[in-house]
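Understanding the architecture of this molecule
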Amino acid sequence: MNALASPTVRQPISLGGAGGFGIVPVNEISIAVRTEQLRAVFRQLPISFAVNLVNAALTAIVLSTIGAPRASLVWFSLVALVTAVRWVLWRRYRRSGSGSEHDLLWSRLAVCGSVLAGSCWGFGGMLLFPLVPTSGQIFLTFVIGGMCAGTVVLNASHLPTLLAFLLSASLPMAVRFFAEGTTADSALGAMIVVFATALSLAAAHLNQFFTESMRLRFELNEANIRLQAEISEHRATEAALRQAQKLEAVGQLTGGIAHDFNNLLTVVIGNLALASGRASENSNILPLLQSASRAAERGVALIQRLLAFARKQRLDARSVDLGALVGGIEELLQRTVGPAINLEISTDADLAPAHVDANQVELAILNLAINARDAMPVGGTLRISLCNQRTDRSSPTELTPGNYVIVAISDTGTGMDEATLAQVFDPFFTTKEVGSGSGLGLPMVQGFAGQSGGAVRIRSKPGLGTTVELWLPQAVEPPLGTSGDRTSRLPVPQGTATVLLCDDDHDVRRFVGELLKSSGYLVREASSAGAAFRILEDRAEVDLLIVDYAMPGINGLEIIREAWHRHPSLKTLLITGDTDAVSDGGAGVPLLRKPFGPAEFSQTVAEILAA
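Overview of the structure. The residue count restarts for each chain, going from 1 along the sequence in the order it is written. In view of the model being predicted, local features appear only for residues whose pLDDT reaches at least 70, and side-chain atom pairs are presented and counted only at 80 or more, with totals across whole chains, interfaces and linings using the full set of residues. Neither water nor hydrogens contribute to the side-chain values; these are computed over all heavy atoms in the structure.

1. Looking at the packing of aromatic side chains
- Only rings of Phe, Tyr and Trp enter the pairing, Trp through its six-membered ring, and a pair is recorded when the two centres are within 6.5 Å. The plane angle decides the type: under 30 degrees is stacked, over 60 is edge-to-face, the rest tilted. Evaluated as defined, the whole model comprises seven aromatic pairs.
- Taking 6.0 Å as the distance between ring centres and 85 degrees as the angle between the ring planes, the aromatic pair formed by F42 and W106 counts as edge-to-face. Of this pair, F42 sits in helix α1 (residues 29-65) while W106 sits in helix α3 (residues 103-128), and the two are 64 residues apart along the sequence. Of the two residues examined, F42 and W106, each falls in the buried class.
- Centroid distance Y93 to W106: 5.3 Å. Interplanar angle 85 degrees. Geometry classified as edge-to-face. Here the residue Y93 occupies a position in helix α2 (residues 69-96), and W106 occupies one in helix α3, the gap between them amounting to 13 residues. A run of H or I in DSSP counts as a helix once it spans at least four residues, and a run of E counts as a strand once it spans at least two, with each numbered from the N terminus. Between buried and exposed lies partly exposed: a residue is buried under 20% and exposed over 50% of the maximum accessible area for its type, with that area taken using a 1.4 Å probe on protein chains only.

2. Some thoughts on the packing of α3 against helix α5 (residues 159-180)
- Taken N-terminus to C-terminus, the directions of α3 and α5 make an angle of 20 degrees; their axes are 7 Å apart at the nearest point. By the angle class used here, α3 and α5 are roughly parallel. For the element pair α3 and α5, the recorded crossing hand is right-handed. Contact residues: α3 offers A110, V111, S114, V115, A117, G118, S119, W121, G122, F123, G125 and M126, while α5 offers P160, T161, A164, F165, S168, A169, P172, M173 and R176.
- We call Asp, Glu, Lys and Arg charged. Ala, Val, Leu, Ile, Met, Phe, Trp, Tyr, Cys and Pro are nonpolar, and the rest, Gly among them, are polar. When grouped by side-chain class, the residues that make up the contact of α3 with α5 number 13 nonpolar, seven polar and one charged. The convention used is that axes are lines fitted to C-alpha atoms, helices contributing only their stretch in contact, and that angles between N-to-C directions extend from 0 to 180 degrees. An angle counts as roughly parallel when it lies under 35 degrees, as roughly antiparallel when it exceeds 145, as roughly perpendicular when it falls between 65 and 115, and as oblique in every other case. Two helices that cross are described as forming a left-handed crossing if the nearer one is turned anticlockwise from the farther one by less than a right angle, and a right-handed crossing if clockwise. Only heavy atoms enter the contact rule, under which two residues are in contact if any of them lie within 4.5 Å.

3. Looking at the sheet that holds strand β11 (residues 571-576)
- The criterion for strand pairing is that DSSP finds at least two bridges linking the strands in question. An order of β9-β8-β10-β11-β12 is seen for the five strands of this open sheet, with the pairing classed as parallel. Only two strands of the sheet have a single neighbouring strand rather than two, namely β9 (522-526) and β12 (591-593). Strand-to-strand twist across the sheet, computed as the mean angle between neighbouring axes with direction ignored, equals 20 degrees.
- Relative to strand β10 (residues 544-548), strand β8 (residues 498-502) runs parallel, the two being bridged by four bridges. Following the sheet pairing, L501 is matched in β10 by I546.

4. Structural notes on the pattern of salt bridges
- Salt-bridge detection follows one rule: a side-chain nitrogen of Lys or Arg within 4 Å of a carboxyl oxygen of Asp or Glu. For the structure on display, the rule yields 10 salt bridges.
- With a closest N to O distance of 3.2 Å, R383 and E344 form a salt bridge. Taken together, the residues R383 in strand β4 (residues 380-390) and E344 in strand β2 (residues 341-347) connect sequence positions 39 residues apart.
- A salt bridge links E469 to R459, with the shortest nitrogen-to-oxygen separation between them at 3.0 Å. Here E469, found in strand β7 (residues 465-473), pairs with R459, found in strand β6 (residues 455-461); they are 10 residues apart in sequence, far enough to count as distant.
- Owing to a relative accessible area of 11%, E469 belongs among the buried residues under this scheme.
- Each of R457, R459 and E469 takes part in a single network of salt bridges with overlapping partners.

5. Points about a nonpolar patch on the surface
- Patches draw on residues past 30% relative accessible area with no salt bridge. Two like charges within 9 Å are joined, as are two nonpolar side chains (Val, Leu, Ile, Met, Phe, Trp, Tyr) within 5 Å. All accessible areas in this document rest on Shrake-Rupley with a 1.4 Å probe, and a residue is counted as covered only by the protein chains that are shown. A grouping of L167, L171, F178 and V193 is seen on the molecular surface, where their side chains present a nonpolar patch of about 300 Å² in accessible area.
- Of the residues forming the nonpolar patch, the biggest block, three residues, is contributed by α5.

6. Quick notes on the nonpolar core
- Ranked by internal contacts, the top residues of the largest apolar core, which has 42 residues, are L322, I365, L382, I384, V407, L470 and L472.
- Sort the elements by how many residues they give to this core and helix α10 (residues 358-375) lands first, with eight residues.
- The criterion is simple. A nonpolar core is a set of buried Ala, Val, Leu, Ile, Met, Phe, Trp, Tyr and Cys residues joined through side-chain atoms within 4.5 Å. Among the nonpolar cores identified, the runner-up in size contains 30 residues, and A56, L63, V79 and A174 belong to it.

7. Notes on the packing of α2 against α3
- Axis separation between α2 and α3 bottoms out at 10 Å; the angle between their running directions is 170 degrees. Taken as axis vectors, α2 and α3 run roughly antiparallel relative to one another. Each of A71, S72, W75, L78, V79, V82, R86, L89, R92, Y93 and S96 in α2 lies in contact with α3, whose residues at this interface are W106, L109, A110, G113, S114, L116, A117, C120, W121, G124 and L128.

8. Let's talk about the pairing of β6
- Bridge count for β6 against β7 is seven bridges, and the pairing is antiparallel. Bridge pairing in β7 places I458 opposite V468.

This is a description of form; function is not addressed.
Spelled out as structure tokens, the structure:
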């Protein structure tokens, strides 16, 4: 006789197999519970088969020795046949990979098998009962009662299967006793009915307990999954917040120093250029000036990278054919990575234009190519592929839904582990030797992509290389020509204009004034807005007003507007090292960003005066 309690209640619940839990939506919990109930009863079938055969064999042996050998053998053969059929059913269920869509069919088959097994005991006992003596009748009654009690334990998970066996095994015996008609036999029949009723109520209680336990486990599992998702989301939010705080901190730092630093670089680069021109015949001094100029240019690049990382740089976004852009810098890329690295470029035939700043895209690709080169010290392959892509579930999460152009740059280099990947976008983080990198290349690329409305995704594994995907928004208009290259340079007029220069920085004012005077212009200088307005009142023949953006008490745009109010035809030029200058509504005002060199400044002034 089976002595198990209710083992299925303590087993883990799973929709994907034993030993694990699946994600179960709230509205599907009832279906999941029914599925698990059916699985539980099929898991118990091997035990039921064993109990059935062993008890039937023992019963047949006992009854054969006390008076009904042939009938006992026939009955045992029938029990064995039914058990074999149920075993085939169990094997088919195991191989079918059950799912909720087939639960109803398997449930009916399980009930039918249980009815057949119970009927073997019920109707078999009813037929064997008159063939054996009283001792055999008592033994048979106890065995059938034990089988009924055992099925409550084995099949408590699935009430229809349980009741099918219990009723088909007990009621035929009750009918047999009632048919005898004696008081004693009727009492025995009533006792069997009461016994079956009590077992049915107990079975219903156990089934309810089993069902509620599974429902609770599914609900707890779902709550746990939601909690884990919330924890993951919270961690992702914290990481995004930390990154945003880094951006804000670097942005505030960069924005705070950019103006003053660009003023310094304007003076340094400008004066070095002037000194180099005047010392061109002195071979001992010229290399020193050129070295200092290169160092100053690196300072300019560093400030630009910081601005890009902080997303404060000025972008000239327009429709750009990235295939033509990459093709145009292919030779430069090959020279950059060197002959030991094979450069491969592939472009979709129907590649859409991207809405980006072409110069910044070139810088980003060059930065990534340099990183790839450094990851392949003994050579390898650098692949640049361009394709169209619409956002889906696998796209970077920060992207808004839409169409993008992907610039993917892959190398066959050393790759990076997870710990390094987690820090690659941190400012000043680098795996290169001290002095070999600023740690701003990837952060600059990320900042540029984010400011352009795109994103950057990086994949890498140690020894398997790295792939960086630059997602850039597609443009709706056709691509324009190459950016801002002047097709012809206007000759610089000599001594044909009066220029009013307004800048509160003495060194910048002195340098710019020197440039203007060397070009033959008549220069009037002002260190404040008030001084500039007084000059305008005194000398109405001023042809060009050059003013710095960051002035004490009033910015350069406001000075220009006031000057236009007094002299509507006055030509103007705004010079600035301030990252926020273009956000003040400076449409229609020519802008020259610091630091600038003598040639760029002179050409800009010439173009404004010639317009």
